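Descriptive analysis of the structure
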Amino acid sequence: MAHLDKEMIEYLSDLSRIDLSEKEQQALLSDLESILTYIDLLNEVDTEGVEPCNHVLADMQNVMREDEIGEVMPREIFLSNSPAQIGGMIRVPPVIKGK
Amino acid sequence: MHQLSAIELRDKFLNKEVSALQIVDYFLKRIDSYDGQIGAFLTVYHDQAREHAKKLDDKLAKGEPLGKLAGIPIAIKDNIHVKGELSTCASQFLTNFKAPFDSTVVKLLKAEDAVIIGKTNLDEFAMGSSTENSSVQLTRNPWNLTCAPGGSSGGSAAAVAARLVPLALGSDTGGSIRQPASLCGVVGYKPTYGRVSRFGLVAFGSSLDQIGPFATNTADAALVMEVIGGHCDRDSTSIPHKRETYLEKFDKTLEGTTIGVPFEFLKDLKGDSKQAFEQSLETFKEKGASIVEVDLSTLKYSIAVYYILATAEASTNLARFDGVRYGIRAPDAETLDQVYDRSKEIGFGHEVKRRIMLGTFVLSTGYQDAYYKKAQKVRTLMIEQYKKAFETCDLIAMPVATSGAFKIGSKKDPLEMYLEDIYTISINLAGLPAVSVPNGFTSHSLPLGLQLIGPQKEDVRVLSMAHAFESETSFNKLPPQFED
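Predicted model, so just to flag it, every value in this text is computed and none were measured.

1. Details of the overall build of chain A
The number of helices and strands found in chain A is three helices and two strands. Beginning at the N terminus, the succession of helices and strands in chain A can be written as α-α-α-β-β. Rg of the C-alpha trace for chain A: 23 Å, well past the compact-globule value of 13 Å for 99 residues, more than 25% over. Counting every position in chain A, which comprises 99 residues, the buried fraction comes to 14%.

2. Focus on the overall build of chain B
Secondary structure summary: chain B contains 15 helices and 11 strands in total. Taken against the 2.2 N^0.38 rule, which gives 23 Å for 484 residues, the C-alpha radius of gyration of chain B at 21 Å falls within 12% of a compact globule. Dimensions of chain B, computed from C-alpha atoms along their principal axes, come out at roughly 65 × 55 × 45 Å. In chain B, the share of contacts with a sequence separation of at least 24, taken over all contacts with a separation of at least 6, comes to 75%.

3. Focus: unusual backbone geometry
Residue and element names in this part refer to chain B. With omega at 15 degrees, the peptide bond leading from Gly-151 into Ser-152 counts as cis. We note that Cys-89 has phi near 55 degrees; this positive angle belongs to a residue other than glycine. Along the polypeptide, Cys-89 turns up in the loop between strand 2 (73-77) and helix 4 (104-111). One non-glycine residue with positive phi stands out, namely Ser-445, at about 60 degrees. The residue Ser-445 is located in the loop between strand 10 (434-441) and strand 11 (447-453) in this model. Judged by the 12 C-beta atoms lying within 10 Å of it, Ser-445 falls in the exposed class.

4. Some details on the pairing of strand 11 of chain B
All names here are of chain B. Within strand 11, seven of the seven residues are buried, which leaves it mostly tucked inside the rest of the structure. Alternating residues of strand 11 divide into Pro-447, Gly-449, Gln-451 and Ile-453 and Leu-448, Leu-450 and Leu-452, and every residue in both groups is buried. Alignment of strand 9 (residues 395-399) against strand 11, held across four bridges, turns out to be antiparallel. Of the residues in strand 11, the one forming a bridge with Ile-396 is Ile-453. Between strand 10 and strand 11, which pair antiparallel in sequence order, lie five residues; one of them, Ser-445, sits at a positive phi of approximately 60 degrees.

Parameters at a glance
Residues numbered from 1 in each chain as written. Chains lettered and ligands numbered in written order. Predicted model: local features only at pLDDT ≥ 70, side-chain atom pairs only at ≥ 80, totals over all residues. Helix = DSSP H or I, 4+ residues; strand = E, 2+ residues; numbered from the N terminus. Rg over C-alpha atoms; globule rule 2.2 N^0.38 Å. Buried ≥ 20, exposed ≤ 12 C-beta atoms within 10 Å, placed from the backbone. Contact = placed C-beta atoms within 7 Å. Pairing = 2+ DSSP bridges.

As structure tokens, this is what we get:
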């Protein structure tokens, strides 16, 4: 089994962009350990020479369409769900700082 | 009126025996009387549904043509968009999110004059098997209010079971339609992967998700499939097939059919579930079907494969909830990074975080081959084994769940909850159509379900043979305390 420790949980929390309390980190560490132990069951399957499944429907091809403008969502409807906005745009904290 | 099937209701409406408004008012009254005990609904569209019903009454009075679902109330799982209405996914992250467009399924239902009556509870983002992961409320099983309805589409299943509504839609990623249908004693159908458009369904596991109906009988479920089961160019995984007719192909004969059963895989089945399952096989035999054993030995790996692939896909899909464009934003976030990190921290519940973390792990550098790729290879083996099994039979039969409904709060360990889906998960991994149809009761009078599984794209066969089984049995009952 892969080695899970507090550093790994912090690393995953960073990758998935979720802040976690100390308590949540503890709980996740033990949950993920028990799930990964269970998942190790797969090690007994011989998959030598087996292709990984890429699409469950074997006959599906890439779906392409003409690059045409379709129905466009009105700006005010889109913005009505955004948590902060300014002048018809979504507002976020400053990304580039300084003068 | 709640004893009638959806098809009977529609026919009564079209024959002017009852108005659409009377139907809608009747079911709204049932919801108002009973849902306080059950907790199936997150939103009820009292005004909109009544307005819509009046319009349908006008249409009928004027002699205008009406659709296949004319006047039938239908509930929608709260991860499927209805334009202008809340789509919360039972998550704190989306408490105020109003869908800016109709999902394709809702558009199709409306086009056939169904009346959308409200949105139903679910495990947050459809992650769970009991609806206990809803961040909004508990849903109780109408057969025993101390039990869970199953999940994740527990609200839809409970609503149909108590006849608060004749039809509902759910979504099924690893059993989320079939398992609650089984635990609540109703029919639940998961179509072939790609049969029903997911446009407007909040994505969880994109290679697994399918939308499907709940109903009190197979004919009503088939009627919904006739409406929603068509190609959609806004879902790139949609099968390029026209909508099929189901009901005219229904016949009640099982003569000459072959049912495959993975006896070896089912060897741990016990108690009431085992008895009900064996009784169902007897029913098939009495009706002229033969039973053959099929080898599905790879199915014992399905939960391990699923919790790698579904969490990997979920971690990707849920990255979009960044606190910027929609949903909540942490009020104390001062930098853009804090907007992301803290909004997810306060917006997501524990199970959602657990799955995102696990999915991130199996996709991370150094582990991808050992976990994600390995799982995709085992998935290939599973698909091949199913294919081979279907060379010798028309359908495969299995139970839906290992037991009847379990007590709320009784499954605390996440792995124990995951194992609840042992009989349903492989069907999603292989993209197959499968139905849960009531097949008995436990000694505690809790319903059980039989699962009938077909080869890909044989949706009509699955529902047709389930219909034949259903017409030989009488398990589609209404929980006694919601009878009048």
